[in-house]
Amino acid sequence: MKGLLRKDCYLMMKYCRVFFLAVLIFTIVGIKNDQVFFALYPIVLSSIIPVNLLSYDEKAHWNSYACTFPYTRKAIVSSKYILTLCVLGASSLLIIFAQVCNMLINHNFQLFGLFSTFAVILSCGLLPPAFMFPFTFKLGSEKGRFAYYTGFVLFFVILAFFQEVTDNLSLRITQMAVPHAPIVIVFLIVFGLYGLSWFLSMKFYQKRDL
Amino acid sequence: MTTFETNALELKDLCKSYPGFSLDHLNLTLPSGCILGLIGENGAGKTTAIKLILDIIRKDSGTIRILGKDCSTETSIPKEEIGVVMDEVGFPECLTPTQIGLIMKDSFNNWDSSLYSQYLQTFHLPEKKEFGQFSKGMKMKLGIAVALSHHPKLLILDEATSGLDPVVRDEILDIFNDFTRDESHAILISSHIVSDLEKICDYIAFLHKGKLVLYEEKDRLLEEYGIIQCTKEQLQELDPSAIIGVKQTSYNTEAVILRDQIPEGFSVQPVSIEDLFIFMIKEAH
């Protein structure tokens, strides 16, 4: 799997520099602005990176060529999930760092608020790929991308719904009136969904003719 | 004392169906130390057979043994010992040969970086140029370099010499020939360039519409079959079972025949594998 991850790193360095730059810019802006948008948008951008990499793989016909190397199909699938976790984890830490700076500037440091923020943004980042990957590994990256955007739209529909029904749902991270316990539960559910997605993708990919 | 597997590759009753095409009970054996050439027209099933061997597509039925191992599951295929060159080398366009070498080093236990560098030099491949900027021939050469640089025992080549100029093709064929000097090595090669296969192959297999039409030692084929030029009337005098294929021209009739079933008096010329293939397929049509 090391070779697969190395290959994806090379592709990221070549094709995803704009995304990294955008993540960095929005994160830096977030230092002075604690609107949840500046935490969510970088994580959404980061979650697009694996989608892009899958498209480049498909364009190069890498998927069938990779089967001629000593990788199992499980390893090929797992490398994408691990890469996604690493990219989103790194982006989340960067965003948290910006929020720490924001809190320190505003003399408003809240440790539990930070954990909640980390849980929320990582959950938001993991959901679209968790939704998309099984479609991609079963049907190809084009249909997978369609599923990704569908999941993406669904997420914002849900967010808009929560805003409608919760009068005091602030969009300021430090003032989010959402108790910590539900956030932890949602975080664990999302991680469970990611794990289920991983399992399904392996099952689908093992049966697929490439 | 080193023992080698008797057969590098054994396919028994291998079947795969698609709408409009089926690979029908393919039986092939590739002894160690030999080169098997797989010939067939477009859509005959050559690439399908190769993809089934590598588990890129799933077989409907049949068994595959590679280097003595039963390959019923994905993990049982000894990919460390197989070098593959497909008709399309599937590296992402942005990768350079140097990066590809590092990826392969992380992929294969037996990766030989110095051998890889040697092949890059032999094939005049620039190490820092992106794969997407390579010509078709250069891409194929890189694929061949990668396939050879982890000391495989079995090479599987699907149209590996297509897109190469004649000089380079000749060099590559020499490399393939040298590869099988080691009795534990073997090559399965499919190609439209039948003359290439005729140069290096020990065994020839003809595929037509998913069926194995012929599988024989190359030298025996060249001994058994010949080509005659005669009139239509002379052809009609011959035993039909001796005639493999016929081509009518404005001037005469050409026929590929079984030498030992032709009466004396006919001038039988040597037949090339390419002619044998063309006549057989035309007859099948």
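This is a predicted model, so every value here is computed, not measured. (Residues numbered from 1 in each chain as written. Chains lettered and ligands numbered in written order. Predicted model: local features only at pLDDT ≥ 70, side-chain atom pairs only at ≥ 80, totals over all residues. Heavy atoms only, no water.)

Let us now look at the pattern of salt bridges. A full pass over the atoms with the stated rule returns 18 salt bridges over all chains. Across the salt bridge formed by Glu81 of chain B and Lys153 of chain B, the nearest N and O atoms sit 3.6 Å from each other. Taken together, the residues span a long stretch of sequence, with Glu81 of chain B in the loop between β5 (69–70) and β6 (82–85) and Lys153 of chain B in the loop between α4 (136–148) and β7 (154–158) at a distance of 72 residues. Classification of Lys153 of chain B as partly exposed rests on a relative accessible area of 27%. Look at the salt bridges and you will find they share partners, linking Lys7, Asp8, Asp57 and Lys80 of chain A into a network. (Salt bridge = Lys/Arg side-chain N within 4 Å of Asp/Glu carboxyl O. Helix = DSSP H or I, 4+ residues; strand = E, 2+ residues; numbered from the N terminus. Buried < 20%, exposed > 50% of the residue type's maximum accessible area, 1.4 Å probe, protein only.)

Contacts between chain A and chain B engage 28 residues on the former and 32 residues on the latter. In this assembly, chain A packs against chain B so that about 2,700 Å² is buried in total across both faces, 58% of it on carbon and sulfur atoms. Remark: the boundary between chain A and chain B carries five salt bridges. Linking chain A with chain B are 11 residue pairs in polar contact (both at pLDDT 80 or more). It is helix α1 (residues 2–15) of chain A that provides the largest number of residues to the side of chain A that touches chain B, a total of eight residues. When grouped by side-chain class, the residues that make up the side of chain A that touches chain B number 12 nonpolar, six polar and 10 charged. (Contact = heavy atoms within 4.5 Å. Buried area = accessible area lost by both parts, 1.4 Å probe. Polar contact = N/O pair within 3.5 Å; in protein donor to acceptor, adjacent residues only side chain to side chain. Nonpolar A, V, L, I, M, F, W, Y, C, P; charged D, E, K, R; others polar.)

Once that is clear, we can look at the sheet that holds strand β3 (residues 35–40) of chain B. Across a sheet, strands are paired by hydrogen bonds formed along the backbone, either parallel or antiparallel in direction. All names here are of chain B. The mixed open sheet is built from six strands, whose spatial order is β6-β7-β8-β3-β9-β10. Single-partner strands in this sheet number two, and they are β6 and β10 (211–217). Between one strand axis and the next, the sheet turns through 15° on average, direction left out of account. By the bridge criterion, six bridges tie strand β9 (residues 203–208) to β10 in an arrangement that is antiparallel. When the bridges of β10 are listed, Tyr203 appears paired with Glu217. Packed onto the sheet, helix α9 (residues 273–284) meets β3, β9 and β10 and runs at close to 25° relative to β9. (Pairing = 2+ DSSP bridges. Axes fitted to C-alpha atoms, helices over the stretch in contact; angles between N-to-C directions.)

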